Amino acid sequence: MIDFRYHLVSIVAVFLALAIGIVLGSTELQGPAFSLLDKTTSKLQNELGQVSSQRDAAQQQATEGELYAQAVEPVVLRDLLTGHRLLIITEPGAESSVVSGITTAAIHAGATVTGEINLQPKFFDTSGTAQDSLNQTTLDVAQTAGIQLDTSATYQQQAAQVIASEILTASSPPVGSRPAGDQGSNATTMLQAYAASQFLSTSGQPATPATLAVVVTPQNAPSDGSADQLDQVLIPLVQELAGKSAATVVVGSSTGSGVGSPIALLRSNTVSSQVSTVDDADLAAGQTVAMQALAVELAGGKAGNYGFTANGASAIAPSPAPTPSASASATPTPSTKKASK
């Protein structure tokens, strides 16, 4: 018969076995097993230290490279776009540092930055109410300016047609000249109409006709991989800008120009033969290349995709690099520009 004394002995035996196991286990860990774990930990700590040192060195090199690119930019770009006016057009989410960098690079190249047109989210809204408002605004402006709209185009493309027609020109005006009365007045009226309907905002004097256009795309692509409405409108927008200007370049940031980005979409489309793209315009080197790309197009050269090959670029920069004598005075007519593509 099993009594309480048997149960007590059994319980004591179990705890005694556990205690012996713990003692034996801890003793064993102090031998080969403990030594192996100690060596592995030391190795991992050494590898982490090496990787951290490599990272710090790479960051230091990147910083020094950026400082060097900033230092040589004025020399590399000097007189490259002298006599030209440049307009900056931003999409929602465009990085302000990219815009300011492009402005500085354009000034170093001798161009006059007329101003900015900042397209607002409503411009890309495909809902019925927004589309009706955009259509009515475009019809009113087109009628006032005497512009014949492409009836087969989307409302955004028609708006882009009107905007590009009023603020861009393929021939360079004399340095210091002002737009003709009607042209300047029409451009101002047009921009005010779209701004009043909250489709865009402006800064500077974007109503002054420009020969060059730089489009600044958003800093990042949608994180969920979904289709971006900005992408849907970018192609027709760029087509209109390229058709009305002497040269157009689309720029983005190095971290925001990968798969699914506006830059990636543009590079996979036939419109890439009409405009150049630069995917590292958040860096001084990319801002310099954007001006060089404009100069190449002005001189009758082909459009190119520049920046990081990981983002689909075909080259870091134009080669050979353009020179002032080959670009500053070049003002191709629309027919010449089309023939060069």
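Note: the structure precedes this text.
Residues numbered from 1 in each chain as written. Predicted model: local features only at pLDDT ≥ 70, side-chain atom pairs only at ≥ 80, totals over all residues. Heavy atoms only, no water.

1. Thoughts on the pattern of salt bridges
Next, step 1: Taken as a whole and judged by the stated rule, the model has two salt bridges.
Next, step 2: Residue Arg267 pairs with Asp279 through a salt bridge whose shortest N-O separation is 3.0 Å. Here Arg267, found in helix α7 (residues 262-267), pairs with Asp279, found in the loop between β6 (276-278) and α8 (284-298); they are 12 residues apart in sequence, far enough to count as distant. Of the two residues, Arg267 and Asp279, neither departs from the other in class, the shared state being buried. (Salt bridge = Lys/Arg side-chain N within 4 Å of Asp/Glu carboxyl O. Helix = DSSP H or I, 4+ residues; strand = E, 2+ residues; numbered from the N terminus. Buried < 20%, exposed > 50% of the residue type's maximum accessible area, 1.4 Å probe, protein only.)

2. Description of the packing of aromatic side chains
Next, step 1: The tally for this structure, following the rule as stated, stands at two aromatic pairs.
Next, step 2: Note on Phe123 and Phe124: the rings are 5.4 Å apart at their centroids and 75 degrees apart in plane angle, and the pair reads as edge-to-face. As far as burial versus exposure is concerned, Phe123 and Phe124 are alike and both buried.
Next, step 3: We note Lys122 situated over the ring of Phe199; from NZ or CZ to the ring centre the distance is 4.9 Å. (Phe/Tyr/Trp six-rings, centres within 6.5 Å; stacked < 30°, edge-to-face > 60°. Lys NZ or Arg CZ within 6 Å of the ring centre and 35° of its normal.)

3. Here's the deal with the sheet that holds strand β3 (residues 200-204)
Next, step 1: Spatially, β3-β2-β1-β4-β5-β6-β7 is the arrangement adopted by the seven strands of the open sheet, whose pairing is mixed. Since the sheet does not close on itself, it has two edges, and those belong to β3 and β7 (305-306), each with one partner.
Next, step 2: Two elements, strand β5 (residues 247-251) and β6, share three bridges in a ladder whose sense is parallel. Within β6, the residue paired with Val251 across the bridge is Val278.
Next, step 3: Packing against the sheet, α8 makes contact with β1 (85-90), β4 (212-216), β5, β6 and β7, and its axis sits at approximately 155 degrees to β5. (Pairing = 2+ DSSP bridges. Contact = heavy atoms within 4.5 Å. Axes fitted to C-alpha atoms, helices over the stretch in contact; angles between N-to-C directions.)

4. As for α8
Next, step 1: Under the 1.5 Å per step criterion, the end-to-end length of α8 is 22 Å for 15 residues, consistent within 8% with the ideal 21 Å.
Next, step 2: Of all 15 residues in α8, 14 are buried; the element is thus mostly enclosed.
Next, step 3: Downstream of α8 by one or two residues, Gly300 has phi in the positive range, about 90 degrees. (Expected span 1.5 Å × (residues − 1).)

5. Brief notes about the pairing of β5
Next, step 1: Counted residue by residue, β5 has five buried out of five residues, so it is predominantly covered.
Next, step 2: A two-sided burial pattern is seen for β5, the buried positions comprising Ala247, Val249 and Val251 on one face and Thr248 and Val250 on the other.
Next, step 3: Alignment of β4 against β5, held across five bridges, turns out to be parallel. When the sheet's bridge partners are listed, Val215 is paired in β5 with Val250.
Next, step 4: A crossover links β5 with its parallel partner β6, the connecting element being α7, and its sense is right-handed. (Right-handed = clockwise from strand over helix to strand, strands pointing away.)

6. Focus on the nonpolar core
Next, step 1: Grouped together as the largest cluster of nonpolar side chains are 40 residues, with contacts concentrated most on Ile117, Phe123, Ile167 and Tyr194.
Next, step 2: Broken down by secondary-structure element, the contributors of at least two residues to this core are β1, β2 (112-119), α3 (128-145), α4 (155-167), α5 (181-196), β4, α6 (229-244) and α7.
Next, step 3: A per-element tally of this core places α6 first, with seven residues.
Next, step 4: Residues within four places of Phe123 in sequence aside, it is in contact with Leu134, Gln156, Ala159, Ile163, Phe199 and Val233. (Core = buried A, V, L, I, M, F, W, Y, C linked by side-chain atoms within 4.5 Å.)

These figures capture arrangement, not role.
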